[in-house]
Each structure stands twice: as structure tokens, then as C-alpha cells.
Amino acid sequence: MITTDEIERRVEKADAEKSARRTAAAREVGELAHRRAALAEELADVERKLGTVLATAADVIGVDELAEFTDVPSADLTTWLTAGKPRRRGRPPGSRRPKPDLKLGTTPAAPPEPRPGPHAPNTQPAVVQAQRS
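It should be emphasised that the depicted structure is a prediction, and the values quoted were computed from it without experimental measurement.

### Here's the deal with the packing of helix α1 (residues 4-57) against helix α3 (residues 74-83)
- Between α1 and α3, the shortest axis-to-axis distance is 7 Å and the interhelical angle comes to 90°. Considering the angle they form, α1 stands roughly perpendicular to α3. For the pair α1 and α3, contact is made by Glu 47, Leu 50, Gly 51, Leu 54 and Ala 55 and by Leu 77, Trp 80 and Leu 81, respectively.
- For the contact of α1 with α3, a count of residues per class yields six nonpolar, one polar and one charged.

### Description of a nonpolar patch on the surface
- Taken together, the side chains of Ile 2, Ile 7 and Val 11 define a hydrophobic patch exposed on the protein surface, amounting to about 230 Å² of accessible area.
- Within the secondary structure, Val 11 is located in helix α1.

### What to know about the environment of Ile 2
- For Ile 2, the location among the structural elements is in the segment before α1.
- Classification of Ile 2 by relative accessible area gives partly exposed; the value is 35%.
- Aside from chain neighbours lying at most four places away, what touches Ile 2 is Ile 7 and Arg 10.

### Description of a negative patch on the surface
- Together, Asp 5, Glu 8, Glu 12 and Asp 15 make up a negatively charged patch on the protein surface.
- Mapped onto the elements, Glu 12 comes out in helix α1.

### Section: helix α2 (residues 63-70)
- Taken residue by residue, α2 has Val 63, Leu 66 and Ala 67 as its buried positions. All buried residues of α2 project into a common sector of 100° when viewed along the axis, lining one side. Seen from the buried face of α2, the exposed residues on the opposite side, beyond 90 degrees, are Asp 64, Glu 68 and Phe 69.
- Those residues of α2 hidden inside the fold are in contact with α1 and α3.

### What about the nonpolar core?
- Judged by nonpolar contacts, Leu 54, Ile 61, Val 63, Leu 66, Ala 67, Leu 77, Trp 80 and Leu 81 together constitute the single largest core of eight residues.
- Broken down by secondary-structure element, the contributors of at least two residues to this core are α2 and α3.
- Ignoring any residue separated from it by four or fewer positions in sequence, one finds Ile 61 in contact with Leu 66 and Phe 69.

### Some remarks on unusual backbone geometry
- The backbone phi angle of Asp 71 is positive, close to 60°, even though this residue is not glycine.
- Along the chain, Asp 71 turns up in the loop between α2 and α3.

### Some thoughts on the confidence of the model for the protein chain
- Residue-level pLDDT values for the protein chain average 82, and 62% of them are 70 or greater.
- Mean pLDDT values for the elements of the protein chain range from 94 in α3 up to 96 in α2.

The rules behind these values
Residues numbered from 1 in each chain as written. Predicted model: local features only at pLDDT ≥ 70, side-chain atom pairs only at ≥ 80, totals over all residues. Heavy atoms only, no water. Axes fitted to C-alpha atoms, helices over the stretch in contact; angles between N-to-C directions. Helix = DSSP H or I, 4+ residues; strand = E, 2+ residues; numbered from the N terminus. Parallel < 35°, antiparallel > 145°, perpendicular 65-115°, else oblique. Contact = heavy atoms within 4.5 Å. Nonpolar A, V, L, I, M, F, W, Y, C, P; charged D, E, K, R; others polar. Patch = residues over 30% accessible without salt bridge, like charges linked within 9 Å, V, L, I, M, F, W, Y side chains within 5 Å. Areas by Shrake-Rupley, 256 points an atom, 1.4 Å probe, with all protein chains shown as cover. Salt bridge = Lys/Arg side-chain N within 4 Å of Asp/Glu carboxyl O. Buried < 20%, exposed > 50% of the residue type's maximum accessible area, 1.4 Å probe, protein only. Lys, Arg positive; Asp, Glu negative; His and termini not counted. Charge placed at Lys NZ, Arg CZ, Asp CG, Glu CD. Arc of directions from axis to C-beta. Core = buried A, V, L, I, M, F, W, Y, C linked by side-chain atoms within 4.5 Å. pLDDT = per-residue confidence, 0-100.

Listed below in C-alpha cells is the structure:
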């Protein structure tokens, strides 16, 4: 019959091999992830620079002509060009009407007036109000 000391030694040996493999895997994943992050940042920087160059040169050379000269697909050039331009999102600050300060169980004093707009002759615009919860 095997002794408890021998069982302990075998378990420690198996654990040591597994622990070494786990450590190696974790180390390699960590190094590769770090390298990937650095490369991604470098790539993003190059793409920002490409967008800046494309935007700066837009008055003298177009995307299609650049694609012809460089063999870079115009779709890629367009992506880099538009990525550097700021996007409009929503309304500008301060342009929204403030919400009425309603307390639970109260309703607004009067419904909002319909907005003027083009309508068919002799017709009134339909006003639809939805209750918000």
C-alpha cells in the first residue's frame, strides 16, 4: 500500500507541472495582449495621421485620384478621411426644451399648441398626444 507521504509527493509533482504550464500560458497571453494594445494604439495613430493628410490635401487631390496613384482602395481612403471628421450627435447643448416639473399624479396645465406647417387646404392638422409614464 502507498504511503501518505508518497501520495503527497505525487500530488505536488502533478501540481507543479500544471502550475508551470498555467504560469507560462498566463505570461504569454499577458505579453501578447500588451503587444496587441501597443500595436492597436500605433495603428490608430497612423489612421489619424492619414485622415489629417487626406483632409489637408482634399483641395488639390481627391480620394479617387489618390486611390489610382497609390493602389490603396478608395473605400479605405474614405474611411480614414471621414474617421477624422467630428460627427454630429443629437441636438446642440441648450436647444432642448426643458421638461415640465411635474409631481406625481399631476398633469400639465394645457396641452401644447400644434406647430404651424404646410397643410392641405381646408384641413386641420391632427394632434396626437401620448401619455408618458
